[in-house]
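The primary structure of each chain is shown beneath.
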Amino acid sequence: PLTKAQPGWFRTNGDVVDWTDDAQRRTHDVHGLPDLDHSQPAVVQHLLKDGRHWIRSVGPDAIRVDAVRHLDGPFLTAWIDAMQTASPSPIAFAGEVYDGNAAAIASEAHATGLTHTFDFPLHYAITESVCESGDLRKIPAAMTQDRSYPDGHQWITFLDNHDTARIATVCGDATKTAIGLMMSLRGIPSITWGTAQGMTGQTEIEARGDMVFASTPFRDFIADRLDERRSFPALTDGRTEWLTATATALAFARVTANQAIVA
């Protein structure tokens, strides 16, 4: 309805053609979806009003900001600041910056005020090295880029989601290895629907398939790993010390002042 009521609020530049062009990603349509023009004051005020409504209505602890690299940067910065101001308590802003380059994600976090980001670099490092017989040193290499992010930044780690191939398809017999590794590393693990059920799929349509309830091959394994994280603070709060890193073997410790877990 808004596209008909306020047609002038939307850009008419057509679909993104060159996905490497930052200006195109932010000012063109994404797969035909209407694209609000964040440079217009009326659009900004509409979105600020809308955001404040949800802050008042439901008092969220966190907001997921989808498709960050398709939003106008200065607008998102102003919007996050306004939502933090409107909330009686601090809000976590989890940004989806779909990029395997940690520097690109960190740059968005610095510029906009995102407190959390989905850790695509670690996602690729784990799936490529554990599941595709790659070099395991990709994992510590990805995590050395943590220093690029703002102080206090948090990473949401994941192995699959609605945009990627399912981990059971990518990893096969190594699925539990990948899950156990992710659960042992820093970050906030995110398990999407169907992962515990061993849901398979390579394409985006398959990845977004209906939930399957009949079989849950990874449910207990995931639950046990989450219990470990709850039981041992070093797994959630500890710093990571790499002990061994070769193409075929990793050993590391998660360390706090009073506890160390070696994996």
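In every chain, residue numbers begin from 1 and rise along the written sequence. Reporting of local features is limited, given that this is a predicted model, to residues whose pLDDT is at least 70; pairs of side-chain atoms are given and counted only at 80 or more, and all residues count toward the totals for whole chains, interfaces and linings. Water and hydrogen atoms were dropped before computing side-chain values, which therefore reflect all heavy atoms in the structure.

*Asks:* Looking at this structure, I do not really get the packing of aromatic side chains. What am I missing?
*Replies:* What characterises a pair of aromatic rings is the spacing of the ring centres plus the angle enclosed by the ring planes. Whether two aromatic rings pair depends on their centres lying within 6.5 Å, for rings of Phe, Tyr and Trp, where Trp uses its six-membered ring; planes under 30 degrees apart make the pair stacked, over 60 edge-to-face, and the rest tilted. In the structure shown here, the tally under the stated rule is 6 aromatic pairs. Ring geometry for Phe120 against Phe158: centres 4.9 Å apart, planes inclined by 75 degrees, an arrangement best described as edge-to-face. Separated by 38 residues along the polypeptide, Phe120 in helix H6 (residues 120–131) and Phe158 in the loop between strand S4 (154–157) and helix H8 (167–171) bring together distant segments of the chain. The classification of residues rests on relative accessible area computed with a 1.4 Å probe and restricted to protein chains. Under 20% of the type maximum is buried, over 50% is exposed, and intermediate values are partly exposed. Phe158 sits in the buried class, given a relative accessible area of 3%. Ring pairing ties together the aromatic residues Tyr98, Phe120, Tyr124 and Phe158, which thus form one cluster. Each ring is checked for a lysine NZ or an arginine CZ that lies within 6 Å of its centre and within 35 degrees of its normal; such an atom marks a charge sitting over the ring. Over the aromatic face of Trp193 sits the side chain of Arg166, whose NZ or CZ is 5.0 Å from the ring centroid. Lying over the aromatic face of Phe221, Arg225 brings its terminal NZ or CZ to 4.6 Å of the ring centre. We count a stretch as a helix when DSSP gives it H or I for four or more residues in a row; a strand needs E for two or more, and each element gets its number in order from the N terminus.

*Asks:* Can you help me understand the nonpolar core in this one?
*Replies:* Here is a general trend for soluble globular proteins: nonpolar side chains tend to be buried in one another's company. Throughout, nonpolar core names a set of buried Ala, Val, Leu, Ile, Met, Phe, Trp, Tyr and Cys residues whose side chains join them through atoms within 4.5 Å. By size, the foremost hydrophobic cluster in this structure holds 32 residues, and its most contacted members are Ile63, Val65, Leu76, Trp79, Met83, Phe93 and Leu114. Per-element tally for this core: the top contributor is helix H4 (residues 73–86), with 6 residues. If sequence neighbours within four positions are ignored, Phe93 has contacts with Ile63, Val65, Trp79, Ile80, Met83, Gln84, Leu114, Thr115 and His116. Of all hydrophobic cores here, the second largest spans 24 residues; its members include Ile139, Cys171, Ile179 and Leu181. Residues are treated as being in contact if the distance between any of their heavy atoms lies within 4.5 Å.

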